[in-house]
Amino acid sequence: MKDGSKEEFECPVAIEFYNKIMGGVDLADQMTNVYGLDRKSCKWWKKVIFQLLMSAVVNSWIAYCELKHRKTPLLDFIVPFAEALMASWKAQRTVSMP
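This section reports on the structure supplied with the text. Going along each chain's sequence as written, the residues are numbered from 1 onward. Predicted model: local features are reported for residues with pLDDT of at least 70 only, side-chain atom pairs are reported and counted for 80 or more only, and whole-chain, interface and lining totals are derived from all residues. Where side-chain values are given, they derive from all heavy atoms of the structure, hydrogens and water being excluded.

### Topic: the environment of Lys71
The cut-off we apply is this: Strands are runs of DSSP state E lasting at least two residues, helices are runs of H or I lasting at least four, and both sets are numbered from the N terminus onward. When a residue's accessible area, from a 1.4 Å probe over protein chains only, is under 20% of the maximum for its type it is buried; when over 50% it is exposed; and in between it is partly exposed. Whether two residues are in contact is decided by their heavy atoms: any pair within 4.5 Å suffices.
Secondary-structure assignment places Lys71 in the loop between α3 (44–68) and α4 (74–96). A residue is classified by how much of its surface remains accessible, and Lys71, at 68% relative accessible area, is exposed. Residues Lys71 and Trp61, 10 residues apart in the sequence, show an inter-C-alpha distance of 9.5 Å. If we skip the residues at most four places from it in the chain, Lys71 touches Trp61 and Cys65.

Below you can see the structure in the form of structure tokens.
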């Protein structure tokens, strides 16, 4: 209130339900945006593709951590993954070039 006092009220059922169900989605959104691409000159479809790619990487990281039974930092998962992708692309390119 304006005078500094507080007024208690019950949380609406819809908000309780949202908070109960959407915790995982909010966490996934937060994790995909940690290393996100945010450039004004980037086309909208590139942002969509990078967001989908990052969602797939985060999901892979979660599965990897569960399979290995250890918590690996996300960046320590992304860097070797990106290096492997680049090496694979480079190997493919040198094989297909005449």
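### Topic: the packing of aromatic side chains
To keep things clear, this is the line we draw: Only Phe, Tyr and Trp rings take part, Trp by its six-membered ring, and two of them pair if their centres are within 6.5 Å. Stacked means planes under 30 degrees apart, edge-to-face means over 60, and tilted covers everything else.
What the rule picks out here adds up to 2 aromatic pairs. For the ring pair Tyr64 and Phe77, a centre distance of 5.4 Å and an interplane angle of 40° mean the geometry is tilted. In this pair, Tyr64 is assigned in helix α3 and Phe77 in helix α4, connecting sequence segments 13 residues apart. Its relative accessible area of 14% is what places Phe77 among the buried residues. Relative to Phe81, the ring of Phe77 lies with its centre 6.1 Å away and its plane at 10°, an arrangement referred to as stacked. With Phe77 and Phe81 both in helix α4 and 4 residues apart, this pair spans about one turn of that helix. For Phe81, a relative accessible area of 33% translates into the label partly exposed.

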